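Next come the chains, spelled out residue by residue.
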Amino acid sequence: MSGCPFWGNKYQFNFNKQSLEDEEGEDKSQEGLNKASKGGLIYGDYLHLNKILNAQELHSEIKGNKIHDEHLFIVTHQAYELWFKQILWELDSVRVIFQNGHVRDERNMLKVVARMHRISMIFKLLVEQFSVLETMTALDFFDFRDYLSPASGFQSLQFRLLENKIGVPQSLRVPYNRRHYRDNFKEHENELLLKSEQESTLLQLVEAWLERTPGLEPEGFNFWGKFEANVLKGLEEELAMVQAKQESEEKEDLLAELQKQKEILISLFDEKRHEHLLGKGERRLSYKALKGALMIYFYREEPRFQVPFQLLTSLMDIDVLMTKWRYNHVCMVHRMIGSKAGTGGSSGYQYLRSTVSDRYKVFVDLFNLSTYLVPRHWIPKMNPTIHKFLYTAEYCDSSYFSSDDSD
């Protein structure tokens, strides 16, 4: 043991003296009170573990052919449903804050961001959870798959509620065997789904919040008007610089690239085009909400917009993670059943693959904001009055903004 610097007396360190006892020889770790022995609520009763841990009923065993891996299949899906329940709990609370207009209070905005971040963390866990299920081989699954029919993951009420409450457009849903998705649910569940379709979605609530972004009003800071003017001026300056170059293949390429950039940026200020894309389902947010989102995106370093920017980031995170969840699900199903039909009667892999697209991405407009990135000096500068409001005002109120002393 000569190689260990702490061995022996060189550092005066004696491992034999390490204990939980104090100088009088009493073990401090055992000084607590055993309150459970006096009766009252205990861990198992509080969590209803008797119900939860006895809810794994193997249908293969009922049929007289107990298959080991069916237990893993059941536990994994029950865990998914419990986490879906928690996501719905958080999501409903966030929607209430928005519906009651409490997002004007910065403290509530922090609460919203924290809960949306929690939803993201849960989805990360759910994405990773597929790796546990994939420890089961296709043959292992085949051993008990027939016992599941006609049950199907599509029949998860909570996941459909989650899609509706976040804001998956009904018009963009992929039909399930050419029928409306609600047709696969019984009366009470069908009613719950219909009710969720009629409620304000998170997308709609965020849209209304973005439309109130301070600084959009033409009579105030007029961000949009100034931004459009700066973009047009910037494009003209870039065109002049390119045209000043000597004739060459590089100059032609630069002019072609600049023309593409101009078309993209100019389209941003075409409200009719936006409304057309909105009608086609290629946009989700109203034109005014898009303006607010872009303003938050550009001024995210300002203290007033830091929390709103975090919220927009969390919304994109959730979209990404839901897409990853769908994709992992598709890959797992393909691995397990190949091109066979699903236990619920769908086309299986083919149906699931059709759901991994932007039509199920709720906040797709937020992803597209990067399309309109411009040099920082094109972004309208804020005057001292606006800066003062951003640092000190408790509520986002457009009356604090003034067009005086702009830039």
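Here is what the cut-offs are and how they apply
The numbering scheme is per chain: residues are counted from 1 as the chain's sequence reads. Residue-level local features of this predicted model are given only where pLDDT is at least 70; pairs of side-chain atoms are given and counted only at 80 or more, and the full residue set underlies all totals for whole chains, interfaces and linings. Heavy atoms throughout the structure, all of them, feed into the side-chain values; hydrogens and water do not. Helix and strand assignments follow DSSP, with helices taken as H or I runs no shorter than four residues and strands as E runs no shorter than two, numbered in order from the N terminus. Relative accessibility decides the category of a residue: with a 1.4 Å probe and only protein chains considered, values under 20% of the type maximum give buried, values over 50% give exposed, and everything between is partly exposed. It only takes one pair of heavy atoms within 4.5 Å for two residues to be counted as in contact. Within 3.5 Å is the distance limit for a polar contact, defined as a pair of N or O atoms, with the added protein rule that one can donate a hydrogen and the other accept it, and that residues adjacent in sequence qualify only through two side-chain atoms. Any two of the Phe, Tyr and Trp rings considered here, Trp counted by its six-membered ring, make a pair once their centres fall within 6.5 Å; the pair's planes then place it as stacked at under 30 degrees, edge-to-face at over 60, or tilted in between. Under the convention used throughout, the expected extent of a helix is 1.5 Å for every residue step, that is, one less than its residue count. Note on patches: the residues involved have over 30% relative accessible area and no salt bridge, like charges join within 9 Å, and the nonpolar side chains Val, Leu, Ile, Met, Phe, Trp and Tyr join within 5 Å. Residue burial considers only the protein chains on display, and all accessible areas are found by Shrake-Rupley using a 1.4 Å probe. Salt bridges are defined by distance alone: a side-chain nitrogen of Lys or Arg within 4 Å of a carboxyl oxygen of Asp or Glu. Think of it this way: Lys and Arg go in the positive column, Asp and Glu in the negative one, and His and the chain ends go nowhere. Lysine's charge is taken at NZ, arginine's at CZ, aspartate's at CG and glutamate's at CD. As defined here, a cavity is a set of points on a 1 Å grid over the protein atoms alone where a 1.4 Å probe fits but cannot get out. A pocket is an open set with protein on both sides within 12 Å along at least five of seven lines, and residues line them when an atom is within 4 Å of a point. Grid points are joined across faces, edges and corners, and a volume is the space filled by probe spheres set on the points.

S.K.: Outline the environment of Y299, supporting the account with residue identities and numerical values.
M.R.: With respect to the helices and strands, Y299 occurs in the loop between α13 (287–298) and α14 (303–337). On the basis of relative accessibility, which here comes to 6%, the residue Y299 falls in the buried class. C-alpha of Y299 to C-alpha of K381: the two residues are 82 residues apart in sequence and 9.7 Å apart in space. Aside from chain neighbours lying at most four places away, what touches Y299 is F221, F223, F305, I379, P380 and M382. Only 2.5 Å separates the side chain of Y299 from the backbone oxygen of P380, close enough to count as a polar contact.

S.K.: Requested: an account of the packing of aromatic side chains, with residues and values cited.
M.R.: In total, this model carries 23 aromatic pairs according to the counting rule given. Ring geometry for F223 and Y299: centres 5.8 Å apart, planes at 75°, overall edge-to-face. Taken as a pair, F223 in helix α10 (residues 223–243) and Y299 in the loop between α13 and α14 lie far apart in primary sequence, 76 residues in all. With 6.4 Å between their ring centres and 35° between their planes, Y299 and F305 make a pair best called tilted. Note on accessibility: Y299 and F305 belong to one class, buried. Three or more aromatic residues joined by ring pairs form one cluster here, namely F221, F223, W224, F227, F269, Y287, F298, Y299 and F305.

S.K.: Help me get a handle on α14, residues and values and all.
M.R.: Over its 35 residues, α14 extends 52 Å from the first C-alpha to the last, a length consistent with the 51 Å expected when each residue adds 1.5 Å. G338 sits one or two residues past α14 and shows a positive phi near 65°.

S.K.: I'd love a proper account of a negative patch on the surface, names of residues and values included.
M.R.: The grouping of E249, E250, E252, D253 and E257 at the surface amounts to a negative patch. Among the secondary structure elements, E257 is positioned in helix α11 (residues 249–267).

S.K.: Can you tell me about unusual backbone geometry, naming the residues and giving the values?
M.R.: In this structure, the amide linkage connecting S149 to the following residue, P150, adopts the cis form with an omega of 5°. Summarising the element assignment, P150 is placed in the loop between α6 (138–145) and α7 (157–166). Located in the positive-phi region is H48, a residue other than glycine, with phi close to 50°. Phi is positive for N222, which is not a glycine, with a value near 60°. Given the relative accessible area of 23%, N222 is considered partly exposed.

S.K.: Outline empty space enclosed by the protein, listing residues and values.
M.R.: What the rule picks out here adds up to four cavities of 30 Å³ or more. Put simply, the second largest cavity is a space of about 60 Å³. The wall of the second largest cavity is formed by S267, L268, D270, R273, H274, L277, R283, Y287, L290 and Y372. Looking at the lining of the second largest cavity, the elements with two or more residues in it are α12 (271–280) and α13.

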